[in-house]
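# Examining the three-dimensional arrangement
Each chain, letter by letter, is given below.
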Amino acid sequence: MNQYLLSSIDKAAEVIGKTWPLYTFVASNPLSGYEKATFLDAVSSAHKQFNANAFPAAHIYRQALEKEDIDLKVLVHLLKENGLSECPEKYLKLLEGHQADEEVNGTHNVDRLMVKWLSAFMDEGLAEWEMPYKSEGFYTAWRLLVIYDSELGATSLKEIPKTSAAALNQLLSELPESDYVEIFSHQMAALPGWTGYIKHRTESNSDWQQEFPINLMDYLAVRLWISKKMNVPILPEGNEAHSDSFLLKLQYIWLKAWEQSWQNQLVISLENGANITQFKGEPALADAQMVFCIDTRSELIRRHVESAGNYETFGYAGFFGIAMDYQSLEDGISRKSCPPIVASAYTVSESAQVDKKGQFLSYEKKNERMGFWDYFLKRMKNMLPSAFGYVEGSGVFYGLSLLARTIIPGSIYRKKQKNLSQMEAICQPDIMNITQKTTDLPNVSLEEKVSIVKSAFDLMGWKEFAPLVLFVGHGSHSANNPFGSSLDCGACAASPGRHNARMLAKLANLLHVRKALAEIHEVFIPENTLFLGAEHNTTTDEIVLFDSEAPETHQMLIEDLKVNLWKAQQSATKNRLGTNGDSLSKAQEKANNWGETRPEWGLAKNAGFIVGRRELTKNTNLDSRCFLHSYDWELDTTGKALESIMQGPMVVTQWINSHYYFSTVDNNAYGGGSKITHNITGKFGVVQGNGGDLKIGLPLQSLYSSDNDMYHQPLRLTVTIQAPINRVADILERNNHLKSLLDNEWIYLLVMDPEQKNKVFKYKNSLKWEVASRTKYSGTQKTFHASTLTELAV
């Protein structure tokens, strides 16, 4: 096989982001392949490749200016700094007057045929009749069937090479090898959603991929063969999208002005929080402590929980430090439940609690019955002999169901919720190494269990333990929503975090784990401290406790907590939905209304990631715009905890932020399009209308309050860390990937140095910093290396 051919395919594929399936719709940067370039260079290259916008539209800038989200002084300063002395209004009108050129897709017919073949082959159970020869692989199956495709004219099997490699060698034989990367990039960029999903399948080696293999070489061979058959050029014709450099510069200045305006407000809030903390003494031990995911939606509920009683909250990545897959008791399928960048080390499954084996067996039998009825009804609907009779006979019942779901969705939701936690009431999670096949002989060592629990305490900077400690995962509930998994926990690979929370609680309750923590690591957990798993429903703000195994000694404390959590739910939903009426019923209706396009806003408006003590943000309403990770710089003397946070959660939040940013600035190219015309294909993706490319991002309704009015503010992530600046600089020096993200302006970094009276420094580039000053627009700002910044504290 031609090695240069393979390397060219790999090189071309670098700029294609992965498309995640609907059932694990993980947020990721669609331009991750460009992150080694500066943000401005990357979006310029992507514009030429995908003909996609990379900056907010002019009317979005105007909305931000009118709402005073863009500080006019900041904007004027940046314009002058770039040699632009006219008033901002003139430049904004220039942006508004620019009309993008409409480009005709010269490969439309090739795209349409490719989508037809890819949809048929990559189907994951939606189609009742399976494409023949799928197990032979995409290229072979296509080769054996394309001879019957009337759209391509007469074709004999002999004229099609037997392998994709042979086909590419034949099709490219008259072209120089130096053109390969350009050709492959162009052909992949024609359908980035489909090629991104092929890339995801090959890299994840999913069960579907193992049974029905497909790769980018197969895709290219089929596409180039069809192009040749239809006399469509395979080389770009030189009419790719071009950018006006001056307009691009203007757009970038307006974006940076918006981001700096947001950063200035954030610095004010954090400095106020730091000042308040200085005048407060040590707080009394809380009645309960709760660990929430760093998700921006946790910011709201944490404020309301803390107001409801003597409670302390923490922020920690929602997979709770357990790199695991979760095997569902309902269908037996194992799903990833940790960040995609982390390899799963464990599998967590369910077993019966002590004295509940009978209930456990009954639950399993119930699942089997439900599975059979689901299968039976599906067969009745889809089998040719029964389909018409079944539909006619059951139409009345389905009609009544649809009517009820339309008129009383809230009531139906409340009825469903009563039975939702039945499994957790009779089961307990068991952990085993991912290579282990049975739970009969546990092989997860004590050392591993202790490490999981201690890492959680280390990263959060834990000092004292309350009598009750909750690990609160989060999940979402919505009806008729193909993108439902995008509202679940991103740190759990778009799965609910309840199983990770329950597992960590169980490990922390084990007596031999506590004993080892005390003897080896001097982490002393009081005997009366109980750890529980819980789940925050982000659509209704309900927090459910998994307390079926809690001892009698803690029942009173748990009951009091449940009452206060209900109060917190009421106040949080009122705050979030902006209503003074029955906010709980309204939230429940939105969660179960099958016509609701916005059951919740997810992580829309995300713009910041704050790493530090809770006191920095406790007295501030951050409007659910910030990821919050607990961290105590005084306890982390080696800096290892901070380094882990920057290597993991900081990178994941950048993925999420970029996902929302690009989905907003060009919803057609990078987003999910309108929900109104969505069609599910193959159970793994959606297309707009009756075909076309797979949508790779979030739907329009998840980002805009109307077709033209923004809800999400497309800003790049601003990370703020409360720690000595030398510690942060040392970590960046050791981690070139993190430094590259900053130098290339994919994210911003602010450091609040507690050793310098919480002075805030802003990262510039090449490990240089400047003092973050809100009044800097009157003069020149100097930059310094971290080693010299201590002089500035005087």
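Here the structure is a predicted model, which is why all the values come from computation and not from measurement.

## Looking at the packing of helix H22 (residues 555–577) against helix H23 (residues 583–592)
Packing of H22 against H23 leaves a shortest axis separation of 8 Å and a crossing angle of 70°. In terms of axis orientation, H22 runs roughly perpendicular to H23. Counting all contacts with H22, which are made through Trp566, Gln569, Gln570, Thr573, Lys574, Arg576 and Leu577, the residues of H23 involved are Ser583, Leu584, Lys586, Ala587 and Lys590. For the contact of H22 with H23, the class distribution of residues is four nonpolar, four polar and four charged.

## Re a nonpolar patch on the surface
On the surface, Val396, Phe397, Leu400, Leu403, Ile407 and Ile408 cluster together into a nonpolar patch covering about 650 Å² of accessible area. Secondary-structure assignment places Phe397 in helix H16 (residues 384–407). For Phe397, a relative accessible area of 61% corresponds to the exposed category.

## A closer look at the confidence of the model for the protein chain
Averaged over every residue, the pLDDT of the protein chain is 90; the share at 70 or more is 94%. Across the protein chain, strand E14 (residues 718–722) holds the top mean pLDDT of 98, while strand E18 (residues 784–785) sits lowest at 54. This stretch, residues 777–782, has a pLDDT under 50; its non-local contacts, to residues over four places away or in other chains, come to 10 contacts. Between residues 789–794, whose pLDDT stays under 50, and residues either more than four places distant or in other chains, the model counts 14 contacts.

## Re the packing of helix H9 (residues 180–189) against helix H12 (residues 216–229)
Helix-helix packing is described using two parameters, namely the angle between the two axes and the distance between the axes. Between H9 and H12, the least distance of the axes is 11 Å, while the angle of their chain directions is 90°. As the angle between them shows, H9 and H12 are arranged roughly perpendicular. For the pair H9 and H12, contact is made by Ile183, Phe184, Gln187 and Met188 and by Leu216, Tyr219, Leu220, Arg223, Leu224 and Ser227, respectively. Broken down by class, the residue content of the contact of H9 with H12 amounts to seven nonpolar, two polar and one charged.

## Some points on helix H15 (residues 357–382)
Helix length check: H15, at 26 residues, gives a terminal C-alpha distance of 38 Å against a target of 38 Å (1.5 Å per residue), a fit within 8%. Taken residue by residue, H15 has Phe360, Tyr363 and Asn367 as its buried positions. Summarising the contacts, the buried residues of H15 are in contact with strand E5 (346–352), helix H18 (422–426) and strand E6 (427–433).

## Section: the sheet that holds E5
Across the sheet, which stays open at both edges, the four strands sit in the order E4-E3-E5-E6 with mixed pairing between neighbours. In the strand order of this sheet, the two ends are held by strand E4 (334–336) and E6, each with one partner. Ignoring strand direction, the axes of neighbouring strands in this sheet form an average angle of 35°. Where strand E3 (residues 324–327) and E5 come together, three bridges link them in parallel fashion. Paired with Asp325 across the two strands is Thr347, which belongs to E5. Taken strand by strand, helix H20 (residues 498–509) contacts E3, E5 and E6, and its axis lies near 85° from that of E6.

## Description of the sheet that holds strand E2 (residues 311–316)
Either a parallel or an antiparallel arrangement is found when strands of a sheet pair, and the pairing is made through backbone hydrogen bonds. Across the sheet, which stays open at both edges, the five strands sit in the order E2-E1-E7-E8-E9 with mixed pairing between neighbours. Here the strands that pair on one side only, and so sit at the sheet edges, are E2 and strand E9 (542–546). Direction aside, neighbouring strands of the sheet carry axes that sit 25° apart on average. Across five bridges, the pairing between strand E1 (residues 288–293) and strand E7 (residues 468–475) is parallel. Pairing of Ala288 across the sheet is with Leu468, part of E7.

## Structural notes on unusual backbone geometry
In the Ramachandran plot, Glu522 falls in the positive-phi region, its phi being about 55° despite a non-glycine side chain. Mapped onto the fold, Glu522 is located in the loop between helix H21 (511–521) and strand E8 (530–537). By relative accessible area, Glu522 is classed as exposed at 62%. The backbone phi angle of Lys683 is positive, close to 75°, even though this residue is not glycine. With respect to the helices, strands and loops of the structure, Lys683 is situated in the loop between strand E12 (678–681) and strand E13 (685–688).

## Observations concerning the nonpolar core
With 203 residues, the main nonpolar core has Phe184 and Phe471 as its most contacted residues. Top element by residues in this core is helix H13 (residues 245–278). It accounts for 14 residues. When near neighbours in sequence (up to four residues on either side) are disregarded, Phe471 contacts Val291, Phe320, Phe457, Ala501, Leu504, Ala505, Ala508, Phe531, Leu532, Gly533 and Ala534. Listed in part, the 21 residues of the second largest apolar core include Ala288, Tyr311, Val472 and Leu565.

Here is what the cut-offs are and how they apply
- Residues numbered from 1 in each chain as written.
- Predicted model: local features only at pLDDT ≥ 70, side-chain atom pairs only at ≥ 80, totals over all residues.
- Heavy atoms only, no water.
- Axes fitted to C-alpha atoms, helices over the stretch in contact; angles between N-to-C directions.
- Helix = DSSP H or I, 4+ residues; strand = E, 2+ residues; numbered from the N terminus.
- Parallel < 35°, antiparallel > 145°, perpendicular 65-115°, else oblique.
- Contact = heavy atoms within 4.5 Å.
- Nonpolar A, V, L, I, M, F, W, Y, C, P; charged D, E, K, R; others polar.
- Patch = residues over 30% accessible without salt bridge, like charges linked within 9 Å, V, L, I, M, F, W, Y side chains within 5 Å.
- Areas by Shrake-Rupley, 256 points an atom, 1.4 Å probe, with all protein chains shown as cover.
- Salt bridge = Lys/Arg side-chain N within 4 Å of Asp/Glu carboxyl O.
- Buried < 20%, exposed > 50% of the residue type's maximum accessible area, 1.4 Å probe, protein only.
- pLDDT = per-residue confidence, 0-100.
- Expected span 1.5 Å × (residues − 1).
- Pairing = 2+ DSSP bridges.
- Core = buried A, V, L, I, M, F, W, Y, C linked by side-chain atoms within 4.5 Å.

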